[in-house]
Amino acid sequence: MTEIDAYQEYIRCKHNAFCKAVIRYATIGKIIRLQQKWERPDSAKLKRPHCTKQRKSVKVV
């Protein structure tokens, strides 16, 4: 194996390791976001009751 081939193999291994790390951290980030979304209280229970009075419409001239 020449020096060029060895260097190319070295770069290929470093690139593969980098790609694996990026995919791993992206996956972990997605899992954390999904867990946070699932752990939030149900937003329907927290909504305030709607106002029963209708607002007066204002005409802009």
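Heads up: these notes are all about the structure in this document. (Residues numbered from 1 in each chain as written. Predicted model: local features only at pLDDT ≥ 70, side-chain atom pairs only at ≥ 80, totals over all residues. Heavy atoms only, no water.)

Details of the overall build of the protein
Helices and strands together make up the secondary structure of the protein, namely 2 helices and 0 strands. Of the roughly 7,000 Å² that the protein leaves accessible, carbon and sulfur atoms contribute 59%. (Helix = DSSP H or I, 4+ residues; strand = E, 2+ residues; numbered from the N terminus. Areas by Shrake-Rupley, 256 points an atom, 1.4 Å probe, with all protein chains shown as cover.)

Overview of a nonpolar patch on the surface
Side chains of Y7, Y10 and I11 sit close together on the surface and give an oily, nonpolar patch of about 330 Å² of accessible area. Tracing the chain through its elements places I11 in helix 1 (residues 3-39). Judged by its relative accessible area of 37%, I11 is partly exposed. (Patch = residues over 30% accessible without salt bridge, like charges linked within 9 Å, V, L, I, M, F, W, Y side chains within 5 Å. Salt bridge = Lys/Arg side-chain N within 4 Å of Asp/Glu carboxyl O. Buried < 20%, exposed > 50% of the residue type's maximum accessible area, 1.4 Å probe, protein only.)

Notes on a positive patch on the surface
Taken together, the side chains of K30, R33, K37 and R40 define a basic patch exposed on the protein surface. Structurally, K30 is set in helix 1. (Lys, Arg positive; Asp, Glu negative; His and termini not counted. Charge placed at Lys NZ, Arg CZ, Asp CG, Glu CD.)

Worth remembering: the numbers are spatial, not functional.
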